Amino acid sequence: MSTPSVEGRPLDDAALVERARNGDVNAYEELVQHYQELAFRVAYQVTSNAADAEDAAQEAFVNAYYALGRFRSGAPFRPWLLRIVANEARNRRTSATRRTLLAERAQAAQTSGEAAPSPEAAAEAGEIRSTLLSAMQRLGQEDRLILAYRLFFDLSEAEMAEALDCPRGTVKSRLSRALGRLRALLPADLGKPPSESVNG
Amino acid sequence: MAELRQVSDSELEASLRDAGSRYPYPPTPNLAHAVRARIVLAPAVPATSRRVNVVRPWRLALVAGLVLVFLAGAALLNRGTRDAIAHFFHVRGVVVTKASALPSVSVSSLNLGQPTSLERAQSLVSFIIVVPSQLGPPDAVYVDPSIPGGEVTLAYKPRAGIPLVRQTGLGLLITEVRGDLSPELFLKVAGPDTHVEETSVNGDPAWWLAGHPHVIIVQTTPEDYREERLRLAANTLVWEDESVTLRIESGLSKSDAMDIATHMP
């Protein structure tokens, strides 16, 4: 995915935000067009449900529009928006969604961790990716979100601090803890060469 | 490759980046037009608004009913395919068809027309705009002068007695158009799970479509289709009143929709 870079669009975003603050709906629509994929995918990381992610992203864009009056001029728009998106997504996690997630995670566990793949299959890059993503799904939503911000969406530490509403120094430690928890969810023999697994 | 559990953080991050680049996300929906419509319907200037923390009564999740979407080359629009579908002429301006399955469509555009006032809309259409006496003035008005005779849409937010339609984010939409100028203006395609019923409003012919979403295709000229999809969870009552064809889309039951329709002046 090609995610919009703050560095590449500061002037564009700033100009569009300023126009939107003055009631220019066309300017805001342009911002939505630019960030809707990122917003939807971030929301999906939280909800794991396309309908909820769509609702959350749409609600976040509307709420962000009405909150533009409190947006600090010159600040990066992307992490500010993502904070709103993630909050909306968290709110969408209804009990029904949680039940669905639990079922999906249980299924993922059966097909990845507990039901260990064969050494040959585990040696395949596709299997590794699949297992990593399954492990991601089994993480808590905050761990999943911080990993996705950094590794899927390429947010800088400063952007992550803004999006997660935490001090910049906390980002590294939270990221490290999330990685540790992800690592613990990986099957023991994932990534071993087939012969090593067979013989060892 | 070392066992992933034992690799360094940077190596694990690299593997995750690779996995993330192939993450199986669902297709991104087009949110821009829905967001725009919601903002236009509640046009508070953001710099002075505090609405973000207010629970708005009409939590719009607009994507559908109101989201008119261009179909990108759906086979359904092929004239040969279209003619092969059984259809019925009943209400002028509307053709209702039943299809075994709805076409696959992609979201690309919202087309409500231009937001305007009732007075301005009246000056742009060739019929008398009717406002339901039970509902009072609409929360927003749109006009589309590209439709023969003009098309007007009245939008109402949810309120007591008018439930939120989740797919539209609105309570109720009323569309009015000159059905006599374009007998096949709207092609409504209903799938097998959509209930389609022939009925009448004040003795005039009507259709009641309820249940599952159906697709609307707007035909501007005999060979020129403006393709739109209406992902309705809402129910639709469409009827003819002299030369004007009216459509109510809402979450109301048939009897409630009929009650509004029969009391329209």
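One can find the structure itself at the top, above this paragraph.
What this report covers is the structure whose coordinates are included nearby. (Residues numbered from 1 in each chain as written. Chains lettered and ligands numbered in written order. Predicted model: local features only at pLDDT ≥ 70, side-chain atom pairs only at ≥ 80, totals over all residues. Heavy atoms only, no water.)

1. Some remarks on the overall build of chain A
Here's step 1: Broken down by element type, chain A carries eleven helices and zero strands.
Here's step 2: Per-residue burial over chain A gives 55% buried out of 200 residues.
Here's step 3: A separation of at least 24 residues holds for 71% of the contacts in chain A among residues at least 6 apart in sequence.
Here's step 4: Total accessible area computed for chain A in this model is approximately 8,200 Å², and 48% of it derives from carbon and sulfur atoms. (Helix = DSSP H or I, 4+ residues; strand = E, 2+ residues; numbered from the N terminus. Buried < 20%, exposed > 50% of the residue type's maximum accessible area, 1.4 Å probe, protein only. Contact = heavy atoms within 4.5 Å. Areas by Shrake-Rupley, 256 points an atom, 1.4 Å probe, with all protein chains shown as cover.)

2. Observations concerning the overall build of chain B
Here's step 1: Each helix and strand counted, chain B has five helices and 13 strands in total.
Here's step 2: Counting only residues that meet the buried cut, chain B has 54% of its 265 residues in that class.
Here's step 3: Pairs at least 24 apart in sequence give 65% of the contacts found in chain B among residues at least 6 apart.
Here's step 4: When the accessible area of chain B is evaluated, it comes to approximately 10,900 Å², of which 53% is carbon and sulfur surface.

3. Looking at the sheet that holds strand 4 (residues 140–144) of chain B
All names here are of chain B.
Here's step 1: Sheet architecture is open: eight strands sit in the order 3-4-5-6-13-12-9-8, paired in antiparallel fashion. Sheet topology places strand 3 (114–116) and strand 8 (194–201) at the edges, where each strand pairs with a single neighbour. Direction aside, neighbouring strands of the sheet carry axes that sit 20° apart on average.
Here's step 2: Examined bridge by bridge, strand 3 and strand 4 share three bridges and lie antiparallel to one another. Considered in strand 4, the bridge of P115 is made with Y142. (Pairing = 2+ DSSP bridges. Axes fitted to C-alpha atoms, helices over the stretch in contact; angles between N-to-C directions.)

4. Re the packing of helix 10 (residues 168–185) of chain A against helix 1 (residues 9–21) of chain B
Here's step 1: Relative orientation of the contacting elements helix 10 of chain A and helix 1 of chain B amounts to 75°, with a least axis distance of 11 Å. One way to sum up the angle between helix 10 of chain A and helix 1 of chain B is to call them roughly perpendicular. Contacts from L175, S176, L179, L182 and R183 of chain A of helix 10 of chain A reach helix 1 of chain B at D9, L12, E13 and L16 of chain B.
Here's step 2: Classifying every residue of the contact of helix 10 of chain A with helix 1 of chain B by side-chain character gives five nonpolar, one polar and three charged. (Parallel < 35°, antiparallel > 145°, perpendicular 65-115°, else oblique. Nonpolar A, V, L, I, M, F, W, Y, C, P; charged D, E, K, R; others polar.)

5. A word on the pattern of salt bridges
Residues and elements named next belong to chain A.
Here's step 1: A full pass over the atoms with the stated rule returns 14 salt bridges over all chains.
Here's step 2: A salt bridge links R83 to D165; its shortest N-O distance comes to 3.5 Å. Here R83, found in helix 4 (residues 77–92), pairs with D165, found in the loop between helix 9 (157–164) and helix 10; they are 82 residues apart in sequence, far enough to count as distant.
Here's step 3: The closest approach of N and O atoms between R174 and E142, which form a salt bridge, is 3.9 Å. With R174 in helix 10 and E142 in helix 8 (residues 141–152), this pair connects stretches of sequence that are 32 residues apart. (Salt bridge = Lys/Arg side-chain N within 4 Å of Asp/Glu carboxyl O.)

6. With respect to the environment of A206 of chain B
Here's step 1: Locating A206 of chain B in the fold gives a position in strand 9 (residues 204–211).
Here's step 2: Considered as a pair, A206 of chain B and L237 of chain B are 31 residues apart in the sequence and their alpha carbons are 7.1 Å apart.

7. Let's talk about unusual backbone geometry
Residue and element names in this part refer to chain A.
Here's step 1: Look at S48: it is not a glycine, yet its phi comes out positive at around 55°.
Here's step 2: Residue position: S48 is located in the loop between helix 2 (25–47) and helix 3 (50–67).
Here's step 3: The backbone of D154 shows a phi angle near 55°, a positive value even though the residue is not glycine.
Here's step 4: Along the chain, the position of D154 falls in the loop between helix 8 and helix 9.

8. Observations concerning the side chain of E29 of chain A
Here's step 1: Structurally, E29 of chain A is set in helix 2.
Here's step 2: Residue classification places E29 of chain A among the buried residues on the basis of a relative accessible area of 14%.
Here's step 3: Residues in contact with E29 of chain A, not counting those within four places in the same chain, are A32, H33 and R36 of chain B.

9. Focus on the nonpolar core
Here's step 1: With 73 residues, the main nonpolar core has Y28, F77, L147 and Y149 of chain A as its most contacted residues.
Here's step 2: Ranked by residues supplied to this core, first place goes to helix 2 of chain A with 13 residues.
Here's step 3: The two domains that each donate at least three residues to this core are domain 1 (7–101) and domain 2 (119–191) of chain A.
Here's step 4: Filtering out sequence-adjacent residues up to four positions away, Y28 of chain A remains in contact with A20, F61, A64, Y65, L68 and F77 of chain A together with V35 and I39 of chain B. (Core = buried A, V, L, I, M, F, W, Y, C linked by side-chain atoms within 4.5 Å. Domains from an automatic or database assignment.)

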